[in-house]
Amino acid sequence: MPDTVAQVMTKDFFTIDISSALKAAIEMFDTCAIRLLPVVSGKKLAGTLDRSDIFTLGMNNLFDGDNEGSDVAAMLSVKDVMTRQPAVISPEDPIQSVANRLVREEWHELPVT
């Protein structure tokens, strides 16, 4: 049974640059079948972008191929919508404490730094 995050974390994952257009992120969510994108500035984690961040803007129809709102999405960047200073975990964190935190906070995933 794994004891630490390092033993179970995803090592190959998609990221998006902080200066990218929101429309590019929406396309990545669809083509890569993912829920969360770590947002990077260079090699540093700058934030996260989750599908729910886009739903909050009322643009969830863009995931269904509906173009209504695509003009607004084209004007926004990832930086405009992302969650800044997201909660993170460490590779050394114990699995059980992270699992408890995910359940308690009702999160599906957390970036590992």
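Above this text is the structure in question.
Residues numbered from 1 in each chain as written. Predicted model: local features only at pLDDT ≥ 70, side-chain atom pairs only at ≥ 80, totals over all residues. Heavy atoms only, no water.

### Quick look at the pairing of strand β2 (residues 36–41)
Then comes step 1: Across the six residues of β2, five count as buried, placing the element largely inside the fold.
Then comes step 2: Of the strand pairs in this sheet, β2 and strand β3 (residues 44–50) are connected by six bridges, and their pairing is antiparallel. Paired with Val39 across the bridge in β3 is Gly47.
Then comes step 3: Count of turn residues in the β2/β3 antiparallel hairpin: two residues, of which Gly42 carries a positive phi of about 70 degrees. (Buried < 20%, exposed > 50% of the residue type's maximum accessible area, 1.4 Å probe, protein only. Helix = DSSP H or I, 4+ residues; strand = E, 2+ residues; numbered from the N terminus. Pairing = 2+ DSSP bridges.)

### Focus: the sheet that holds strand β1 (residues 16–17)
Then comes step 1: An order of β1-β2-β3-β4 is seen for the four strands of this open sheet, with the pairing classed as mixed. Each edge of the sheet is formed by a strand with only one pairing partner; in this case those strands are β1 and β4 (83–84).
Then comes step 2: Relative to β2, β1 runs parallel, the two being bridged by two bridges. Bridge pairing in β2 places Asp17 opposite Val40.

### Quick word on the environment of Asp3
Then comes step 1: Inspection of the secondary structure puts Asp3 in the segment before β1.
Then comes step 2: A C-alpha to C-alpha distance of 5.6 Å links Asp3 and Ile95, two positions 92 residues apart in sequence.
Then comes step 3: Residues within four places of Asp3 in sequence aside, it is in contact with Asp93, Pro94 and Ile95. (Contact = heavy atoms within 4.5 Å.)

### Let's talk about helix α1 (residues 22–32)
Then comes step 1: Listing the buried residues of α1 in full gives Leu22, Ala25, Ile26, Met28 and Phe29. Down the axis, α1 shows its buried residues gathered within 160 degrees of arc, on one side only. (Arc of directions from axis to C-beta.)

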